[in-house]
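# Descriptive structure summary
Residues per chain are reported as follows:
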Amino acid sequence: MSLANNESPLYRVIFVCVLAPVAAAVVVSVILLFGVSPHSVFYVGFAVRSWLKSIGAPAPNAVGVLATVFVWWVVIVAIGLLWERRRRRTPG
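Residues numbered from 1 in each chain as written. Predicted model: local features only at pLDDT ≥ 70, side-chain atom pairs only at ≥ 80, totals over all residues. Heavy atoms only, no water.

Let us now look at helix H4 (residues 61-89). Helix length check: H4, at 29 residues, gives a terminal C-alpha distance of 43 Å against a target of 42 Å (1.5 Å per residue), a fit within 8%. Those residues of H4 that fall on the buried side of the exposure criterion are Gly64, Ala67, Thr68, Ile76, Val77, Gly80 and Glu84. The secondary structure elements touched by the buried residues of H4 are helix H1 (9-33), helix H2 (38-41) and helix H3 (43-54). (Helix = DSSP H or I, 4+ residues; strand = E, 2+ residues; numbered from the N terminus. Expected span 1.5 Å × (residues − 1). Buried < 20%, exposed > 50% of the residue type's maximum accessible area, 1.4 Å probe, protein only. Contact = heavy atoms within 4.5 Å.)

The structure is reproduced here in structure tokens:
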């Protein structure tokens, strides 16, 4: 088994556990850098925090940030896996 084999699950693990979380944090940082208001960027995080507060759980700001980065991580992983599937289907 060579490392150049694209069918290896190691590539998927590296993508999902290393590259996608870093990319998600970078995406959030770049969006903020381009001047989008923090309330717009962290809308998902504010929603999660308010839901947690409504059920009585303490919710620090870090929960909102993590929820936002998690949503971006899911989007990046979904796009990456769909891209891989599409690339495998095309002949050539």
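Turning next to a nonpolar patch on the surface. The grouping of Tyr43, Val44, Phe70, Val71, Val74, Val75 and Ile79 at the surface amounts to a nonpolar patch, some 610 Å² of accessible area in total. Those elements giving two or more residues to the nonpolar patch turn out to be H3 and H4. Among the elements that make up the nonpolar patch, the one with the highest residue count is H4 (5 residues). Its place among the elements puts Val74 in helix H4. Exposure remark for Val74: the relative accessible area of 36% places this residue in the partly exposed category. (Patch = residues over 30% accessible without salt bridge, like charges linked within 9 Å, V, L, I, M, F, W, Y side chains within 5 Å. Areas by Shrake-Rupley, 256 points an atom, 1.4 Å probe, with all protein chains shown as cover. Salt bridge = Lys/Arg side-chain N within 4 Å of Asp/Glu carboxyl O.)

The end-to-end C-alpha distance of H3, which contains 12 residues, comes to 16 Å, matching closely the 16 Å that a straight helix rising 1.5 Å per residue would cover. Among the residues making up H3, those that are buried are Gly45, Arg49 and Leu52. Taken down its axis, H3 places every buried residue within 65° of arc, on the same side. Relative to its buried face, H3 has exposed residues pointing more than 90 degrees away, namely Tyr43, Trp51 and Ser54. Buried-residue contacts for H3 involve H4. Just downstream of H3 lies Gly56, where phi reads positive at about 95°. (Arc of directions from axis to C-beta.)

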